[in-house]
Amino acid sequence: MRGQRSLLMHSFHVDDSEVTLNVCLGKQFSGGTLFFRGVRCDEHVHSESQPEEIIDYSHVPGRAVLHRGRHRHGARATTSGQRVNLLLWCRSSVFRELKKYQKDFSKWCGECQREKKERQRLAVGATKLELFKRLHKPTS
Ligand SMILES: O=C(O)CCC(=O)C(=O)O
Ligand SMILES: [Fe+2]
């Protein structure tokens, strides 16, 4: 049971928080690396990570990491010693109420941003092609 719980604790997830503070209290340990794989909205929570979103961080006793709750993350298994962390999941009821009316997540979701850029790239390509065709249209 303990094994199952710790497996769940460390698996890849987003937090039910706006921001999370993860403080490494120690003690002596190896392993337990935190890994981050991009910020995602509900719709894109299972989408692939882009290379620039791949961040691994070896936590240091006495230091804290502050990250968005929607930043997908996990912690690798502790391979030796004892790893003790203090987690604060900070929620904002005002933000959650406003989020219900928000349709555009593209500003903070990495996948929404990627899709938006791709749409823009295709639109620019189509416009260039159209201009090219017009310029090179045989005159009759
Ligand atoms: O073990 C850790 O440092 C991360 C734990 C975590 O992300 C969580 O409990 O939400
Ligand atoms: Fe977490």
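Use the structure listed above.
Here the structure is a predicted model, which is why all the values come from computation and not from measurement. (Residues numbered from 1 in each chain as written. Chains lettered and ligands numbered in written order. Predicted model: local features only at pLDDT ≥ 70, side-chain atom pairs only at ≥ 80, totals over all residues.)

A.B. asks: Break down unusual backbone geometry for me, with residues and values.
C.D. replies: The omega torsion across Gly 26 and Lys 27 is -5°, close enough to zero to call that bond cis. Mapped onto the secondary structure, Lys 27 falls in the loop between strand E1 (19-26) and strand E2 (29-31). (Helix = DSSP H or I, 4+ residues; strand = E, 2+ residues; numbered from the N terminus.)

A.B. asks: Please set out the pairing of strand E8 (residues 84-90) residue by residue, giving values where relevant.
C.D. replies: Counting buried positions over the 7 residues of E8 gives 0, only a small fraction of the element. Bridge count between E1 and E8: 7 bridges; the pairing is antiparallel. Among the inter-strand pairings, Val 23 is bridged to a residue of E8, identified as Leu 86. (Buried ≥ 20, exposed ≤ 12 C-beta atoms within 10 Å, placed from the backbone. Pairing = 2+ DSSP bridges.)

A.B. asks: Residue-level account of the sheet that holds strand E6 (residues 71-75), with values.
C.D. replies: Taken in spatial order, the 3 strands line up as E4-E3-E6 in an open sheet, and their pairing is antiparallel. One side of each edge strand has no neighbouring strand; the edge strands of this open sheet are strand E4 (54-57) and E6. For this sheet, the mean inter-axis angle between neighbouring strands, taken without regard to orientation, is 20°. Inspection of the sheet shows strand E3 (residues 34-39) paired to E4 by 4 bridges, in the antiparallel sense. (Axes fitted to C-alpha atoms, helices over the stretch in contact; angles between N-to-C directions.)

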